[in-house]
Structures are given as structure tokens and as C-alpha cells.
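# Inside the fold
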Amino acid sequence: MKRALGYAGSLMALFSVLMVLLGYPVARHYGSEAAGGQRLGTLMRQSLTSWTALPIYASAAGLTLSVLHVPFPEALQRYGVIDVLMFITAFGGYFGVGMRVRFSENIGLWREHLVLTIFKFALAPALALLMVWLAGATHWPLHSAAVQVFMIDAFMPAGLTIVILANVFHLDARYAGSLWVWNTLIFCAVVLPVIVLVMA
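Residues numbered from 1 in each chain as written. Predicted model: local features only at pLDDT ≥ 70, side-chain atom pairs only at ≥ 80, totals over all residues. Heavy atoms only, no water.

## Some details on the overall build of the chain
Defined as follows: Secondary structure elements follow DSSP: runs of H or I no shorter than four residues count as helices, runs of E no shorter than two count as strands, and numbering proceeds from the N terminus. When a residue's accessible area, from a 1.4 Å probe over protein chains only, is under 20% of the maximum for its type it is buried; when over 50% it is exposed; and in between it is partly exposed. Between two residues, a contact is recorded if the distance between any of their heavy atoms is within 4.5 Å.
Scanning the chain from N- to C-terminus turns up 9 helices and 0 strands. If you list the helices and strands of the chain from N to C, you get α-α-α-α-α-α-α-α-α. The buried share of the chain, reckoned over its 200 residues, is 27%. Here the analysis covers contacts within the chain between residues at least 6 apart in sequence; of these, 72% occur between residues at least 24 apart.

## Side note on the packing of aromatic side chains
Worth spelling out the cut-off: Each pair of aromatic rings taken from Phe, Tyr and Trp, with Trp reduced to its six-membered ring, is defined by centres within 6.5 Å and is described as stacked if the planes are under 30 degrees apart, edge-to-face if over 60, and tilted in the remaining cases.
In this structure the tally under the stated criterion is 2 aromatic pairs. Between tyrosine 24 and phenylalanine 169 the ring centres are 5.4 Å apart and the planes differ by 80 degrees, which places this aromatic pair in the edge-to-face class. Placement of the pair is tyrosine 24 in helix 1 (residues 2-30) and phenylalanine 169 in the loop between helix 8 (161-168) and helix 9 (173-199), with a sequence separation of 145 residues.

## Examining the environment of leucine 5
Along the chain, the position of leucine 5 falls in helix 1. Residue classification places leucine 5 among the partly exposed residues on the basis of a relative accessible area of 29%. Between the C-alpha atoms of leucine 5 and alanine 146, which are 141 residues apart in sequence, the distance is 9.7 Å. Apart from residues lying up to four places away in sequence, leucine 5 is in contact with Ile82 and Met86.

## Comments concerning the confidence of the model for the chain
We count it as follows: The quantity called pLDDT is the predictor's confidence in a given residue, expressed from 0 to 100.
Within the chain, residue pLDDT values average 80, and 86% of them lie at 70 or more. Least confident of the elements in the chain is helix 5 (residues 81-98), whose mean pLDDT is 72; most confident is helix 6 (residues 110-136), at 91.

## Structural notes on the packing of helix 6 against helix 7 (residues 144-154)
Put simply, the rule reads: Inter-axis angles, ranging from 0 to 180 degrees, are taken between N-to-C directions of lines fitted to C-alpha atoms, where helices are fitted over the stretch in contact. These descriptions rest on fixed angle ranges, namely under 35 degrees for roughly parallel, over 145 for roughly antiparallel, 65 to 115 for roughly perpendicular, and the rest for oblique. The hand of a helix crossing depends on one turn: near helix anticlockwise from the far one by less than a right angle means left-handed, and clockwise means right-handed.
Where helix 6 contacts helix 7, the two axes come as close as 8 Å, and the packing angle between them is 155 degrees. If you check the angle between helix 6 and helix 7, you find them roughly antiparallel. The crossing of helix 6 and helix 7 is right-handed. Of helix 7, the residues touching helix 6 (which contributes Lys120, Ala124, Pro125, Ala128, Leu129, Met131 and Val132) are Val147, Phe150, Met151 and Ala154.

## Some points on unusual backbone geometry
In this structure, histidine 170 is a non-glycine residue whose phi angle is positive, near 55 degrees. Assignment of secondary structure puts histidine 170 in the loop between helix 8 and helix 9.

## Describing the nonpolar core
Note on soluble globular proteins: their nonpolar side chains tend to be buried together. Quick reminder of the rule: Put simply, buried Ala, Val, Leu, Ile, Met, Phe, Trp, Tyr and Cys residues joined by side-chain atoms within 4.5 Å make one nonpolar core.
Counting 9 residues, the largest nonpolar core is built from Met19, Val20, Tyr24, Ala27, Leu43, Met44, Leu165, Val168 and Phe169. For this core, the elements supplying multiple residues, two or more each, are helix 1, helix 2 (40-49) and helix 8. Sorting elements by how many residues they give to this core places helix 1 first, with 4 residues. Counting residues in hydrophobic clusters, the runner-up holds 6 residues, among them Val163, Ala173, Trp180 and Val181.

Here is the structure:
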């Protein structure tokens, strides 16, 4: 459990950095000026050095403590502190996006939903499986817990980052929110039960 949580936190930190380094330039290309008229480079630097980057550094600090074999505070797990913090964070993001979604506007977006569904729940897991296989063919195969976390993450629905990028670069945030909500609903209704059955 602790090892898997550490792997998951490391992947989240990596994804956050990649969102800034790769996602920002792509969103800036298709969008307009960033919020506040900031230059792309300035916005990227601030995103990695301001308080909004605290989750990245918190994950890095946790990983460092794990490497140094510092004991995990059992009280955080015993009293559900970590679970509560995760739920609060998720609620804030989901609530804000959910208020902007209009289900009546989704009828004409079935092609976009289909493409995203195929990419997230078929192509991405297939690519992850290939990467796991390639790692296993080397002298540095992944730990079994890392493989499980990696594969589960590969099946995850579209993240809130698509909505964040749409807001920051003045793209269609409601459209992005619609894709995110429906992709998450498909995951909860179809993909998640399959994962639970397979992992049980």
C-alpha cells in the first residue's frame, strides 16, 4: 500500500511537470494570450515556482523521505488524514467544473467523446503495456507494485488539466469540461468495475 501510494504520487508529480513543459506550449498555440497577458515562458516559470506547484514539491519531498527510509507517519493513515485531504481536493475541482457543464450541449459532441474514450481506455493502456514489456526485457524490470500502479494510471480518465489549460489560455473551457465529465462517467460506469474485478 505504502509503496503503491509512493509510486502514484511520483507519477502525479511527473505529470504535473509535463503538463507545464508540454501542455502549455500546445495550449498556447491553439489558444490566445495566457491569463493576464503573461508571456508563455513567464507563465511556465511561475507555474513551477509559485504556491500552485506545492503538490509537485510535496511529492518530491515524500519520495526523498522514502528513499532515505524515513518511517511513514502511521497516524496519517490510521485516522484517514490522507483520504480526507484527497477528497477535499477532488471535491473542489469537480464542483467547479460541474457547475459549468450543460448536458444539453453534449448531444453533438459524440464524435469527440468517442475519440477520447478510445484514446484513454484503449490506446493509452496498450502503450503502457508496451512500455512495461520493454522495461521487463531490460536489466531493470519494474517492481510488481509499480506495474500495477502504472497500468491503473494508464486506464484513468481525462484529468482536470484539460479544463485548467482551457481556462488559462482562453480556450473553450465548457467544451473541455464536458469532455472531462463524460469521460469520467464512462470510466466510473464501465472501466472502474473491470479494474476492481481484475485486481480483486
